[in-house]
Amino acid sequence: MATHPLNAWYAAAYDVEVGRTLLSRTICNQKMVLYRQIDGTPAALEPACWHRLLPLSLGRLEGDEVVCGYHGLVYNPQGQCTHMPSQETINPSACVRAFPVAERHRFVWVWPGDPLQADPALIPDLHWNHDPAWAADGKLITVACDYRLVLDNLMDLTHETFVHGSSIGNRAVAEAPFVTTHGDRFATVTRWMEDIEAPPFWAGQLFQARGLRGRVDRWQIIRFEAPCTITIDVGVAPTGTGAPQGDRSQGVNGQVLNTITPETDRSCHYFWAFARNYCLNEQRITHELREGVAGIFREDEAVLEAQHRAIDEHPDHQFYNLNIDAGSMWARKLIDRLVAAEAPASAPRTIPLRPAA
Amino acid sequence: MATHPLNAWYAAAYDVEVGRTLLSRTICNQKMVLYRQIDGTPAALEPACWHRLLPLSLGRLEGDEVVCGYHGLVYNPQGQCTHMPSQETINPSACVRAFPVAERHRFVWVWPGDPLQADPALIPDLHWNHDPAWAADGKLITVACDYRLVLDNLMDLTHETFVHGSSIGNRAVAEAPFVTTHGDRFATVTRWMEDIEAPPFWAGQLFQARGLRGRVDRWQIIRFEAPCTITIDVGVAPTGTGAPQGDRSQGVNGQVLNTITPETDRSCHYFWAFARNYCLNEQRITHELREGVAGIFREDEAVLEAQHRAIDEHPDHQFYNLNIDAGSMWARKLIDRLVAAEAPASAPRTIPLRPAA
Amino acid sequence: MATHPLNAWYAAAYDVEVGRTLLSRTICNQKMVLYRQIDGTPAALEPACWHRLLPLSLGRLEGDEVVCGYHGLVYNPQGQCTHMPSQETINPSACVRAFPVAERHRFVWVWPGDPLQADPALIPDLHWNHDPAWAADGKLITVACDYRLVLDNLMDLTHETFVHGSSIGNRAVAEAPFVTTHGDRFATVTRWMEDIEAPPFWAGQLFQARGLRGRVDRWQIIRFEAPCTITIDVGVAPTGTGAPQGDRSQGVNGQVLNTITPETDRSCHYFWAFARNYCLNEQRITHELREGVAGIFREDEAVLEAQHRAIDEHPDHQFYNLNIDAGSMWARKLIDRLVAAEAPASAPRTIPLRPAA
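On a predicted model such as this, the values are computed, not experimentally measured, just so you know. (Residues numbered from 1 in each chain as written. Chains lettered and ligands numbered in written order. Predicted model: local features only at pLDDT ≥ 70, side-chain atom pairs only at ≥ 80, totals over all residues. Heavy atoms only, no water.)

Chemist: How should unusual backbone geometry be read in this particular structure?
Modeler: It is generally the case that most residues other than glycine have a negative phi and that most peptide bonds are trans. Of the consecutive residues A:Ala226 and A:Pro227, the connecting peptide bond is found in the cis state with omega at 5°. By the secondary structure assignment, A:Pro227 is in the loop between strand S14 (216–225) and strand S15 (229–238). One non-glycine residue, B:Leu53, lies in positive phi territory at about 70°. Mapping B:Leu53 onto the fold places it in the loop between strand S4 (42–45) and strand S5 (60–62). The phi angle at B:His105 is positive, at roughly 55°, despite the residue not being glycine. Within the secondary structure, B:His105 is located in the loop between strand S9 (101–104) and strand S10 (107–110). (Helix = DSSP H or I, 4+ residues; strand = E, 2+ residues; numbered from the N terminus.)

The following block contains the structure:
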């Protein structure tokens, strides 16, 4: 059974990565070459030239078209061959696949499945990434693991205590109760930690933004959107100022934006950004947050890659789920439903963590 | 179906590479150890010691014989074991395979197939490489691709326009008509580009050798000899001096010598040399040509290795041939005939570019 | 058929390697994490956390227990989970495998098979490694070959002539006769070389220890203990002083201690030490011997890894045995018996050198 649906929008690149050169990227096991046309519209083509399969990434742009770097066949953004050397007529089969592309929320998205179903309304909501009320910055890391291991990681923040003890984790996270909900394409995990000592990261933010120290109420509201986008509403406010009841005005608030695109069944492109709604114009804080979060995600990366290798080494391991796994279980269930809807005659998926053979 | 015949002479090394040490090389998936006997005659042995398989390349020469570097078994140039430690009689089965070897045209050739058929008259003609009327120099590069991709590359020089635009390629090559012929073991592609602007490489040669500038007639006469040798008669002469009619006396002429030995099904030893019949004693030009051509072949190497990987990734790709592929189609057809003649009961080969599974 | 028995003690580490951190090591294809409890007792656990398989080596020690570095599950030295996050009851299946461990002769030994059979009396005798009458030092090298190739190497010292010609090898070794004996778990090879010129290594030792030069009687008494321990009683004494008859008092004597633990079917941990009974307190000699022997074993390492690769490349090679292979043939026979006793219904092993498919 496939590990991901094909009929979905997947982030392929940050907007700034796509320009007037040929960018190679693999999305859902499919190689692509991405570029912008003269008017700025992004295009995505299958990179293997129809004639002798040379990757088009070794060719060059000529206007809106791509010239193969071996024998000079030319393809337009729709993938049709428009020129062949020493040839008067063009074989009508001469083409490469073109993928639906869209640009939104500072990402270039591609749709690797059926082009007729590629409805831009289905692009996940990551508006904080370009909303003027928020200041956001982020990175792309490519991680050598099944993308679902990253989702598991984000759906259960208990791990902050053990993986990120020096920054955002403390005993309070592992011990606090949480509430899980789900819908057809969404699942949420909400955790409030009231009247606690702030972990180092948040203590620093609260002092920088508000000049405040002392005990806080802390929240983590995780929202999964199938198949692979997770936003986390995070923050702290001084205890007693009403944050749990809805008044966050004395606190600091961030949105951790995550969309994790399968590269192959064994690797993924993890696009993340951190958006805040305070000190919007302080580039120093933007810089500090980007690098601080990057450091935290590097800690996750080491864990996730080791976990993937260990899963490979234990193909028959029977996984048991703990209470803390409730959110990730729902995320996987919703993914499995999307995959099953695309694969009419496949067996039901019963073991949640194991990658497909 | 095999990708190459075994009953053929293959260049294994430049003459200077083979000496009084043990040279390891793989030819047609067969490992060999090459050396010279005391009288200078080259020898080629299967390198795995009969006793415990240690590669003989870890041993040492003793006169005309090879001593294994583990337990001291000794083999003569015919592969027979002539000494065993602590053993009075020698097991008559104790031997390693010896391969027919010949030295000609500055290469050491081996015959990996049936030794009884190893007729030195079948060694390809590369006499320009040591003919005093020509000055030649060259290199060996090992390329991670099926050797036939190199042949395709050389049989269609259209690619010069797109791969070598800064040196020998220009639009004239891609646009000029050409004529293809073939025989039982040979195929030729002849292209004349009359009254054109010389590309940078040839403009430089013509000025150095003859002090001439201006429009030229250019020729490329490609001659394939199955299974893997291609010579290309190349040059330019000032337009109007009669080169197309046979008088090349005002021009400059080179012979590009190429023999491409399969190392494995996924890699090849590409031996090449460039011979010229002008300025024979100017070492500066020899040096410049060798490095200039080496730079051009590095451009090909990147293309060929990317193409091989792409073919591996598209095992079911159906290849279409363009007009420009006529020469390489004949080369492949002649190879396939040689292979089929060695493999009595195998299916006919129908898809030209795909390596055997 | 397996290449090694599981019901045996295998050296997993030098004693000093195991401490208050988590040491990863693979023994007989089984990953382990090794550490010392607070009282110094070593422990060995399977490293894959029961919950999500993260290697415990990425976690940390807390007293005598290991805390997983992802979600904080805690395991005691017996492998039982004693704590789970956000969970009041602990699933009784929550555990990792714990391996029998023992510390003796300066090594930490593990028993990867049935724990009920792990009798410490079966630990091989390497007492010279900590006997006050001997001075010993050694190293661990991990070699990319089947561990049995190392045993073959040690059971036939003829190879010293060809592999170690500059230190301990000379023609005398390859030419001297030897005697082989065997029991149920032991095999010996004894070789006396009387009235010979000492090779450089031993000439140096004899002069350093006794101030003597001149012809010597040299002995090599190899003793194999199944499945993978070999001690070699080595030395020289001046010819005529009675060493062959039992009086070694004028000579120098060493014990080469070797125990070779399969890491995987294609690699092994080779623990060795050299013990001497002369100049016990001269650290300079200890240092010189350790590095001298290390250099000799590096020569073997190159041979053994090349041999393993060659065996892989020749899966159908039929091996013939020479007289010099008598000792290693017995060693392999005794190993095969141990393996067969563990694998009730497997076919008898007939081809001695080839690793199991």
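Next comes the rest of the account.
Chemist: Would you mind showing me how to read the environment of C:Tyr278 here?
Modeler: Residue and element names in this part refer to chain C. Within the secondary structure, Tyr278 is located in the loop between strand S17 (267–276) and helix H5 (283–313). Residue Tyr278 is classed as buried on the basis of its relative accessible area, which comes to 3%. As for Tyr278 and Ala174, which are separated by 104 residues in sequence, their C-alpha atoms are 28 Å apart. Here the side chain of Tyr278 touches Gln205 through a polar contact of 2.6 Å, side chain to side chain. (Buried < 20%, exposed > 50% of the residue type's maximum accessible area, 1.4 Å probe, protein only. Polar contact = N/O pair within 3.5 Å; in protein donor to acceptor, adjacent residues only side chain to side chain.)

Chemist: What should I look at first to understand the interface of chain A and chain B in this one?
Modeler: Think of interface size as the accessible area that goes away when the parts come together; that is how it is often given. Each partner contributes residues to the interface: chain A has 24 residues there, and chain B has 29 residues. It is A:Arg52, A:Leu53 and A:Tyr70 in chain A that bury the most area against chain B; as a group they hold 36% of the surface buried on that side. The interface formed by chain A and chain B contains two salt bridges. Here B:Glu313 and A:Lys31 are joined by a salt bridge, their closest N and O atoms 2.9 Å apart. Summed over the shared surface of chain A and chain B, the number is eleven residue pairs in polar contact (both at pLDDT 80 or more). Counted by class, the side of chain A that touches chain B contains twelve nonpolar, nine polar and three charged residues. (Contact = heavy atoms within 4.5 Å. Buried area = accessible area lost by both parts, 1.4 Å probe. Salt bridge = Lys/Arg side-chain N within 4 Å of Asp/Glu carboxyl O. Nonpolar A, V, L, I, M, F, W, Y, C, P; charged D, E, K, R; others polar.)

Chemist: How do you make sense of the packing of helix H1 (residues 147–155) of chain B against helix H5 (residues 283–313) of chain B when you look at a structure like this?
Modeler: Packed helices, taken two at a time, are described by the angle between their axes plus the distance between the axes. Residue and element names in this part refer to chain B. At a closest axis distance of 10 Å, the pairing of H1 and H5 adopts a crossing angle of 125°. With respect to H5, the axis of H1 lies oblique. As H1 packs across H5, the resulting crossing turns out to be right-handed. Together, Leu149, Val150 and Asn153 of H1 and Asp300, Leu304, Gln307, His308 and Ile311 of H5 make up the contact between the two elements. (Axes fitted to C-alpha atoms, helices over the stretch in contact; angles between N-to-C directions. Parallel < 35°, antiparallel > 145°, perpendicular 65-115°, else oblique. Left-handed = near helix turned anticlockwise from the far one by under 90°.)

Chemist: I would appreciate a short explanation of the sheet that holds S4(B) in the present structure.
Modeler: Sheets are built from strands that pair by backbone hydrogen bonding, the pairs being arranged parallel or antiparallel. Residue and element names in this part refer to chain B. Read across the open sheet, the three strands follow the order S2-S3-S4; overall the sheet is antiparallel. The strands lining the two open edges of the sheet, one partner per strand, are strand S2 (23–27) and S4. This sheet shows a mean twist of 35° between the axes of neighbouring strands, independent of strand direction. Of the pairings in the sheet, the one linking S2 to strand S3 (residues 30–36) comprises five bridges and is antiparallel in character. Following the sheet pairing, Ile27 is matched in S3 by Gln30. (Pairing = 2+ DSSP bridges.)

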